[in-house]
Amino acid sequence: MALPLRSRRVPGLLASFVHVDAAADAIRALRARGHRNLVVYTAAPNHEIEEALDHSVSPVRLVTLIGGLTGCAAGFGMTLWMSYDWPVLVGGKPIGSIPPYVVIAFELTILLGALSTVAAVALFSVLMGKRGIAYDPKFSDDQIGVFVPAGGDQAGAVEQMLRSAGAVEVRREAA
Amino acid sequence: MADETTASTLDRRKFLTVLGATTGGGALALSGCSTGKVEKLVPYLVQSEDQIPGLATWYASTCTECSTGCGVHVRTREGRPVKLEGNPEHPVNRGKLCSRGQAALQGLYNPGRVKGPMARNPDGSFQAITWDDAIARLAAKLGEAGSRVAVISGAGRGTFSDLLGDWTAALGGRLVRHETFDREPERAANRQVFGSDQLPLYDLGKARYIVSFGADFLDTWGAPLEQARGFAAAHGFEGGQVAKLVYAAPRMDLTGLNADQWLPIKPGSEAALALAMAQVLVSERGGQPAGLAGALAAYTPALAAEETGVPAATIERLAREFAAARPSLALAGGVAAQHAGATEVCAAVNILNFVAGNIGETVRFGAELPAADGHAALAGLARSMNAGEVGVVLVHDANPVYTQPRATGFADAFRKVGYKVSTSLYLDETAALCDLLLPQHHALERWDDLRPRAGVYSLMQPVLEPVFDTLPAGDILLRVSQKAGGALARFNAPSYEAHLKSRWQALAGELGESDFAAFWHGALQRGGVYREPPAAGAVSLALENAQASYTRPALGGEGEFTFLTYPHPMLYDGRGANKPWLLEIADPVTKISWHSWVEVGPGAARRLDVRDGEILELSTPQGTVEAPVFVYPGIRDDVVAMPLGLGHTAYGAFAEGRGVNPLDLLAAPSGEYVPYLSTRVAVRKTGRYRKLASVAGVARQLGRGIAESIPLAAAQKGLTVEQAYIEAGLGHHEVNTERELEAVHGWAEEQHEATQYGNYEGENPQWAMAIDLAKCTGCNACVTACYAENNIPTVGEEQVLKGREMTWLRIERYWEGGEEPGEPVSARFVPMLCQHCANAPCEPVCPVYAAYHTPDGLNGQVYNRCVGTRYCANNCPYKVRYFNWYKYNERAWPAPLHLQLNPDVTVRARGVMEKCTFCIQRIRGAQNQARLEDRPIRDGEFTTACAQACPSDCIVFGNVRDPSSRVARLAQNPRGYRVLEDLNVRPAITYLAKVLLPAEA
Amino acid sequence: MAVVAPPPVGHGDGHAITQTHADVTRDVVATLSAPSRGYVLLLLGSAAVFLMGLLTFLILVIDGLGHAGYQPPIFWSVYITTFVFWVGIGHAGTLISAILFLFRSPWRTAVYRSTEVMTVFAVMTAALFPIIHIGRQWIFYWLLPYPNQRYLWPNFKSPLIWDVFAISTYFTVSATFLVFGLVPDVAAVRDKVTGWRKTVYGLASVGWQGTDNQWRHYSRAYLYLAALATPLVLSVHSVVSWDFAVSIVPGWHGTIFAPYFVAGAIYSGIGMVLTLIIPLRRALRIEHMITPEYHFDNLAKLTLLTGSILFYAYGMEYFVAWYSGNMFEQTTFYRRAFGPYWWAGWTMIICNAFVSQLLWFRKVRTNLTALFIISIFINVGMWFERFVIIVSSLSNDYVPWAWDQLNPSWADWGILAGSFGWFGMWFLLFAKTFPIVAIQEIKEMIPMPRKRGGHH
């Protein structure tokens, strides 16, 4: 897949925070100012940041559900159809007998459920993710990054605000 | 042709070459490759009248594996014999055939056969020569030898033996008819007691009470198939009766294991017992020739008790029962008739039969059974050989160098003969010493006949082109005669076949048959001519000779044990040892295969502190052998026994160097018998150990009701096995509530409904089997038949040690009692094969449907589909599934043995599971036939190989859905039960419980 | 730049971590440094053992299964025993990574990665055995329901087909779970290393940056995966147990088999976890991340729990055999204790039921030497448990005439050893290639520095 780093750069400011509360403050302030499409980098999920960003629940769960149900249906469908497609009698048991097929259906439920979940994440967070946003390696280490897409005129004000919120570093990213 | 065949491995071209060489394989051969033989072959443009590719052709012939002379039917496919079965019309065996007879096929295709005439070089090696050369050499030697010619031949009587007789006589030589287990002592006793030189026929079928003094009449003595048939009739609960069989011998052989009571008498004391019984009879019944009473007076039960170790009371009871049951029958044979006192034993038994009034009833003279010349003749010959009075010796159908105890010094005497000639098919011990090998045709390759008894003329006909470059023995004689001329010139028949025909023309005349062609073809078709044997010649007690006498056997040697040896049930006197079937299919008594063993009683084993497999050294003044112990509950604690038949020094790759030969221990004979009981033996523990190649796991039923039994009284009342138990207070009814039953049956019904789909809808036949344990004697004939029919590989000793034998059908032998010292021990036999369960546990666990249920109730096994998970075998409660751990299919049939394979049955590859198919190839064959003739299958028009072979007809196969079928009726028999019925696997095999006579003190 | 070191803050249970996010990244990335000689020798060693096993397998394929010590009626022996053994090993990993995740049990974070790796490779090893043990290994794919000209489908009533589905699903899902959890950590490594390694890890991290949006989907998905893996892990060993329980072999045909096997599986798995990470944490110098007082104590408690369940199950088996009044069951269990396989039977009971009871003592639970020795007992004991269940039950079922005993051969031992080589090889390779400790989840545990101090 295309890595974001390779695509067209988005102009804006990239701020690094050491303190989580500072970052959270900054995010709230920016959102209050109408900056909606911020990008926040953290090394691990963080409650304060999540609260500050206040996202809606991920749609992944829906995909998981559909995947699981598909698997279940496939499991019963396949076993029963194959049993009657060429009926062979074994051990005096019914040609198509549900109880043993539950096992197959169950396993396929899990399998397709899991695979569709991962597929969903790949889709939502990488393929459909924003491109060309500036990034700094230390965000995967111990700092929190906040990227504010902002054109030349607003840039000053935003930078001012980020610094006052406690950003240890603010970088301007040109287009 | 011979070279192609011998060189042939199991590749298609060679295979077809050989087919091509055999009559009728023409079309195949043409599609095969060109050989020197091709121009002789007839393409199927001109169909040879008795060959239809893919269909079997049957020829009638005669078995020559022993001197009994049973009739056989040879099943050939594309000109290859693939199976031997009994000839139903033949009066001796009535369609049955024992293991040894069936294995003749492996003698025909044996890799160890002599492939053509050979002469010995000065350096001792053999060199192939032409027949002309060979004939010339023999003729020349005969010329030199003049009358200093000796011929040793088998006991079989017929045109050839007559010719051989005349021929030898013409030379002025001497002919010795030698049979390893000759019955000379019986004949001697008959001369003494009845003034008759004959061997009588014993009609076990009529007997109501049988006492056998060591006669293994079910397996290795007399005419086993005929006797087994009679025994089944007498002892098999037919008409609600069971004739009691008492077996008096120091060791139980197969007959002993089928006895209702075993009297473990001291070795050699049979005469005392028989005479005491006669004495009791005479003294209590009187009415006998007065002199007899006097002659017997001395032999009181007290004396017999002293001699035999059987309580006097038992002897008296025995005598009374014997007298009360009319007619009864007493038999003497086996070891009892092969020791110094043998003639006394046989005489005593004759007297016993006479006083019980059995002569003419169950003992019928007049059949003129062929008898060998007795041992003295051979001993005499050996003496003159030693004396250098024999210039040329010709050995035919005999292997005396092996079958004579070393102590007789026969081999050395034989070596001294100037020119030694053998017609043996194999390089056996005798042939190995010979100077000239003139391999004769196998019985299936030649024209010949046998006269097994008065009124029975049994024909042999060639059923395939000779596998090797051999000649019929008759032609050898005739050609030599022509070459040698002189006294022999008169043997001028163009061929032995012509000679045979001329003899049969004479026979036709005697029998008042005008149209010879019809007579001849009839005989060919029916396997011979069968006339009623002449009315039983009346014999009377030749009183003056009826010396009732008993002398305690004088045994040579030192040591605490008396040594016995006996014919091996599979290998007989050793002639079976080159046939893998007979080596691998376990001895029915000990269940040991492939090697020798020494039997030690449980008490003796405790005393010696030995266990199964511990190697003992047995030594007598004559020699020393080592063999592993088999602790055998069926033998006295003061006796050890070993089977004959192994320890070959020649006789082909299968036999050589396998096991030991107990004959080396025996003392030299001094009379008309080989003394199989003659010496004590010193036993020494070697401290070494070997695993026995035994097919037995745990030989106790552990109360699992596998081989069920029912008391006679209960059976006569028509009780079921369970009812009988309850009556005896040994069980209780499983009481199920209505609800339970309804639940179970309702559920079963639902399940059944759900299976009615596709091919499974509607009424199909349901193949089923019934096995009557009251008749099964455990003789192994069915097992061998199964091997032959289904291309079952023999896996060899090293695999049998890993329990990997492939016996689709095995005979389990469980001990009953005998756990406490002194407690009587008995055996139960149960043939165990795939039960073709309706709810087969093996089927649902197969991931690929390789094991599945056919609409006609068979438990199918698709070899091609099997991936070898072996779950089916784990889940089979009967453990009747067998796995191909190695490429057995490439090892089991070294060329030309592969020619015996049945083309109707897949040869299974490595890595797949296999098991009994209920001979599905026979089922489908019969169904196709019925379809062609547009009719339903008739019950009994075909059957499985095992059922076909069973000498006592204890196996019945058929469609259980057809209420009129035998199997359907037997399935309803009150004695019927299913093994492990509680598992609800619903087997298709119904076993009929063995009927037990009330136990006695 | 000035980074204010945070004061020691506690987990829920008062266990202290005195590390910053930076320390975590540093320490974990340090584990990926150039391999020591010891490591290389170990790796080559396992590879050699694996090749030996491979050779044995080739002989089986070329000449036939006969080389193994199979002795009918024992048609399954060492191979199936080892199969069940490895499947069982896997379960601990999924338990710790998925089930404890759902239970929000904080101590799992430090160890779950290594256990999950163990799971994946153990199942990978186990998956070889059904192929090794069949008679015609080259057509093992006939067990799969693939469309074919003859419309031959597998028999879904057969527990062996259930196995195929259960094992392959289990492998796929746990592998997915592992890789999924790995992505953010690989990204962290990517940002620490240089040169070609950066490129490689860069590709492996599939563009992970830890943006708010990514975390938003990721955390959810991780939760669902855990929720799916939980019933899966319980089902897998139940299905494996049904390979036996569905049959009618006395000693196999038991209703308690599923829970009994699952408990056994987890027990054996944790045994293997201990065997692996006790040396591993020292080798990788992460002792401070995985500590006796905290992580091992908890692992030991889990061992004690499952071990005691086994204790109960063993007892129950014997009780039911006696109470059922079923002569076949009774014989089987009598012979299990006093028959030809008494030694195996008692090995299993002592190693599993009794040894685990030592873990009632905290002294033992926190003593790594003791734990390591116990873990070895557990591995041995659990292998023998399967051996006893399979071999001794088969050796004496319904028809006494067919009874026999097994004599394992070089081919059995060769494959068994080879499987350890195979497993060890992969585990070692992983440990040097990917973070064996979960960076991101540990960071999640460590509060970030705050300007205003205090606690959120």
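Attention here is on the structure that accompanies the text. (Residues numbered from 1 in each chain as written. Chains lettered and ligands numbered in written order. Predicted model: local features only at pLDDT ≥ 70, side-chain atom pairs only at ≥ 80, totals over all residues. Heavy atoms only, no water.)

1. As for a nonpolar patch on the surface
Residue and element names in this part refer to chain C. Applied cut-off: By definition, no residue in a patch forms a salt bridge, and every one has over 30% relative accessible area; like charges are joined within 9 Å, nonpolar side chains (Val, Leu, Ile, Met, Phe, Trp, Tyr) within 5 Å. Surface exposure here means Shrake-Rupley accessible area, sampled with a 1.4 Å probe, where a residue is shielded only by the protein chains that are shown. The rule for a salt bridge is simple: a side-chain nitrogen of Lys or Arg has to be within 4 Å of a carboxyl oxygen of Asp or Glu. Secondary structure follows DSSP: runs of H or I at least 4 residues long count as helices, runs of E at least 2 residues long count as strands, and numbering of each begins at the N terminus.
Residues Phe311, Tyr334, Phe338, Trp342, Trp343, Trp346, Ile350 and Phe354 make up a contiguous nonpolar surface patch of roughly 870 Å² in combined accessible area. Among the elements that line the nonpolar patch, the one with the most residues is helix α11 (residues 342-354), at five residues. Position of tryptophan 346 among the secondary structure elements: in helix α11.

2. Points about the pairing of strand β17 (residues 448-453) of chain B
Residues and elements named next belong to chain B. Under the convention used in this document: Think of it in three bands: with a 1.4 Å probe and only protein chains considered, a residue is buried below 20% of the maximum accessible area for its type, exposed above 50%, and partly exposed in between. Pairing between strands is defined by DSSP: at least two bridges between them are needed.
Burial analysis of β17 places five of its six residues in the buried class, the great majority of the element. Bridge count between β17 and strand β18 (residues 456-460): four bridges; the pairing is antiparallel. Bridging across to β18, aspartate 449 finds its partner in leucine 459. Between β17 and β18, which follow one another and run antiparallel, lie two residues, and glycine 455 among them has a positive phi close to 90 degrees.

3. Concerning the packing of helix α13 (residues 301-308) of chain B against helix α14 (residues 312-324) of chain B
Residue and element names in this part refer to chain B. Condition: To obtain an axis, a line is fitted to C-alpha atoms, over the contacting stretch when the element is a helix, and the angle between two such axes runs from 0 to 180 degrees between their N-to-C directions. Take the far helix as your reference; a near helix turned counterclockwise from it by less than a right angle gives a left-handed crossing, and one turned clockwise gives a right-handed crossing. Contact definition: two residues touch when any of their heavy atoms are within 4.5 Å. Residues were grouped as follows: Ala, Val, Leu, Ile, Met, Phe, Trp, Tyr, Cys and Pro as nonpolar; Asp, Glu, Lys and Arg as charged; and all remaining residues, including Gly, as polar.
At a minimum axis separation of 8 Å, α13 and α14 run at an interaxial angle of 115 degrees. Between α13 and α14 lies a crossing of right-handed hand. Note on element contacts: α14 touches α13 through Ala312, Ile315 and Glu316, opposite Pro301, Ala302, Ala304, Ala305 and Thr308. Taken together, the residues of the contact of α13 with α14 sort by class into six nonpolar, one polar and one charged.

4. Side note on the side chain of threonine 115 of chain C
Residues and elements named next belong to chain C. Inclusion rule: Side-chain atoms alone can form a polar contact between residues adjacent in sequence; in general such a contact is a pair of N or O atoms within 3.5 Å, and within protein one must be able to donate a hydrogen while the other accepts it.
Looking at the element boundaries, threonine 115 is found in helix α4 (residues 108-133). Reaching out from threonine 115, the side chain makes a polar contact with the backbone oxygen of tyrosine 112 at a distance of 2.7 Å. Beyond its immediate sequence surroundings of up to four residues, threonine 115 is in contact with Gly93, Ile96 and Val273.

5. A look at unusual backbone geometry
The step from arginine 326 of chain B to proline 327 of chain B runs through a cis peptide bond, and the omega angle for that step is -10 degrees. Relative to the elements of secondary structure, proline 327 of chain B occurs in the loop between α14 and β12 (328-332). Geometrically, the link from alanine 895 of chain B to proline 896 of chain B is a cis peptide bond, its omega value of 0 degrees lying close to zero. Here proline 896 of chain B lies in the loop between α31 (888-891) and β33 (913-915). Positive phi is not limited to glycine here, since asparagine 780 of chain B has a value of about 85 degrees. For asparagine 780 of chain B, a relative accessible area of 2% gives the class buried. Look at tyrosine 151 of chain C: it is not a glycine, yet its phi comes out positive at around 55 degrees.

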